[in-house]
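Architecture and fold: a report
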Amino acid sequence: MDKIVILTGAGISAESGLGTFRDEGGLWAQHRLEDVATPEGFARDPALVHRFYNARRVQAAGAAPNAAHHALARLEAEYGGDVLVVTQNVDGLHEAAGSRNVLHMHGALSGALCAACDHRWPAPLEMFPHDTCPRCHAQAARPDIVWFGEMSYHMEDIWAHLEEADIFAAIGTSGQVYPAAAFGQHAGRAGAHTIELNLEASANVRDFTEVRQGVASVIVPEWVDGILYR
Ligand code: OAD
């Protein structure tokens, strides 16, 4: 059976009511990325950064997976081969839909991380600058989210999975943030059939052998049906 590796981005959660970053009126139009998504921003104003992620954590907690998340969970459950979701998203909607083989390369809103000792623990719904690490007691609790200038998580495993993939799909991502933006080229060079499923052409659409455009809740279930019932 083919091995399928799927990269997801904010576009897959858009129809669950979670805003994307770079679409019109998206998160990066409302907030300065340098202020809320960098270690320097956190050092300057931790209260602002916590407010930003607290709002997103509350919003994500109230969101439900949509037909695209459910279709990927169905693919993992019903397909005979290996299905891996690598997500840039920090929400938990893949897991809520039932996907089990998920790697969060940009971290997760559900996690807290101690900036002093690297201890991790489940994040409360709201975090504050005076929160202390349960292990070393430093006032250094931060969201367990990968910020600009930091290394994405699980990268060694992800490159290896991409090299073994027979099919690589990128869903709902603008292709503007590396290393994820290089996955299509990497998997394609290693021999995978590469497909982009997105509302519009991404920045690196040329890296894909097949392109389907539309909303994720429609085109992802169609793509999954095509694999399961071909
Ligand atoms: P972007 O906001 O950059 O891109 C979202 C993509 O989804 C766009 O190409 C949209 O056209 C597409 N899209 C929007 N609605 C859609 C729908 N209903 N169905 C299908 N596609 C749709 O989000 P990402 O590519 O995920 O990182 O952004 C990558 C990273 O940049 C994020 O993980 C985040 C951000 O800065 C960090 O915060 C570290």
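Calculation rules
Residues numbered from 1 in each chain as written. Predicted model: local features only at pLDDT ≥ 70, side-chain atom pairs only at ≥ 80, totals over all residues. UniProt positions renumbered as here; feature names shortened; annotations may be inferred. Near = placed C-beta within 6 Å. Nonpolar A, V, L, I, M, F, W, Y, C, P; charged D, E, K, R; others polar. Domains from an automatic or database assignment. Helix = DSSP H or I, 4+ residues; strand = E, 2+ residues; numbered from the N terminus. Expected span 1.5 Å × (residues − 1). Contact = placed C-beta atoms within 7 Å. Buried ≥ 20, exposed ≤ 12 C-beta atoms within 10 Å, placed from the backbone.

Where an unreviewed UniProt entry is consulted, the chain appears under the name NAD-dependent protein deacylase, with the organism given as Roseovarius litoreus. The UniProt entry for the chain carries this comment under Function (unreviewed entry): "NAD-dependent lysine deacetylase and desuccinylase that specifically removes acetyl and succinyl groups on target proteins. Modulates the activities of several proteins which are inactive in their acylated form." What UniProt records for the chain under Subcellular location (unreviewed entry) is the sentence "Cytoplasm".

**Here's the deal with the site of the ligand**
Taken together, 25 residues form the shell around the ligand, and within it Gly-9, Gly-11, Thr-20, Phe-21 and Ser-174 come nearest. Taken together, the residues of the shell around the ligand sort by class into 9 nonpolar, 12 polar and 4 charged. Mapping the shell around the ligand onto the domain boundaries places at least three of its residues in each of domain 1 (1-18 + 65-106 + 152-230) and domain 2 (19-62 + 109-145).

**Notes on helix α9 (residues 216-228)**
An ideal rise of 1.5 Å per residue puts 18 Å on 13 residues; α9 measures up with 18 Å between its terminal C-alpha atoms. Residues of α9 that are buried make contact with α5 (67-78), β7 (167-171), β8 (193-198) and β9 (210-213).

**A closer look at the environment of His-50**
Inspection of the secondary structure assignment puts His-50 in helix α4 (residues 46-61). We classify His-50 as buried; it has 21 C-beta atoms within 10 Å. As a C-alpha pair, His-50 and Ala-97 span 47 residues in sequence and 27 Å in three-dimensional space.

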